Amino acid sequence: QVQLVESGGGLVQPGGSLRLSCAASGTLSGLNVMGWYRQAPGNQRDLVATISSGGDTSYADAVKGRFTISRDNAKNTVYLQMNSLKPEDTAVYYCNADRRITSTINRVYWGQGTQVTVSS
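Treat the numbers as computed from the prediction; the structure is a model and nothing was measured. (Residues numbered from 1 in each chain as written. Predicted model: local features only at pLDDT ≥ 70, side-chain atom pairs only at ≥ 80, totals over all residues. Heavy atoms only, no water.)

1. Some details on the state of the cysteines
The criterion, for reference: Criterion for a disulfide: a pair of cysteine sulfur atoms within 2.5 Å. We count a stretch as a helix when DSSP gives it H or I for four or more residues in a row; a strand needs E for two or more, and each element gets its number in order from the N terminus. The classification of residues rests on relative accessible area computed with a 1.4 Å probe and restricted to protein chains. Under 20% of the type maximum is buried, over 50% is exposed, and intermediate values are partly exposed.
Tallied over the full model, the rule gives one disulfide. Disulfide partner of C22: C95, at an S-S distance of 2.0 Å. Taking the torsion about the sulfur-sulfur bond, which here is approximately -85 degrees, the covalent link between C22 and C95 counts as left-handed. One end of the pair, C22, is in strand β3 (residues 18-26); the other, C95, is in strand β9 (residues 91-100), with 73 residues separating them in the sequence. Residues C22 and C95 agree in their burial class; the two are buried.

In structure tokens form, the structure reads like this:
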């Protein structure tokens with residue numbers, strides 16, 4: 001199993017910044033893509049950003065140019081630097097990890113979530 005623990009959420013004013021961290025532990029062999037999702041009340045859980053084990057990244061259009069995902073494989077940790085925050089960024093942010101079991105089987109793991117609130 002893989003355990004994911006997020007930290008770094010909180011309350012910030014519009015235009016401010018936060019940095020989220022997600023530390024992975026457990027059975028980490030085959031750990032592949034990691035990412036961040038977010039969910040606001042009444043909404044779907046939407047993709048924010050992903051990063052492969054090799055460092056390839058992708059972002060949702062809503063956060064491009066403002067958020068940066070990074071990864072420290074030695075520490076088994078993924079980060080999300082969030083700048084120029086907007087009220088619409090308010091959500092619970094979840095860490096996600098994909099682990100390859102075989103060439104055709106994978107498992108997906110989720111953290112418990114951390115609240116990000118952007119408000120004056």
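Having put the structure on the table, let's press on.
2. What to know about the pattern of salt bridges
A side chain with one charge can pair with a side chain of the opposite charge if their charged atoms come near. The condition is simple: Note on definitions: salt bridges are taken to be side-chain nitrogens of Lys or Arg within 4 Å of carboxyl oxygens of Asp or Glu.
In this structure the tally under the stated criterion is three salt bridges. Here R38 and D89 are joined by a salt bridge, their closest N and O atoms 2.9 Å apart. Remark: D89 occurs in the loop between β8 (77-82) and β9 and R38 occurs in strand β4 (residues 31-39); sequence separation between them is 51 residues. The exposure class of R38 is buried, given its relative accessible area of 15%. Residue classification places D89 among the buried residues on the basis of a relative accessible area of 1%. One continuous salt-bridge network, built from bridges that share partners, spans R38, R66 and D89.

3. Re the pairing of strand β10 (residues 106-110)
Stated formally: In this scheme, strands are said to pair when DSSP sees at least two bridges between them.
As paired elements, β9 and β10 share five bridges and run antiparallel to each other. When the sheet's bridge partners are listed, A97 is paired in β10 with Y109. Hairpin remark: β9 followed by β10, antiparallel, with five residues in the connecting loop.

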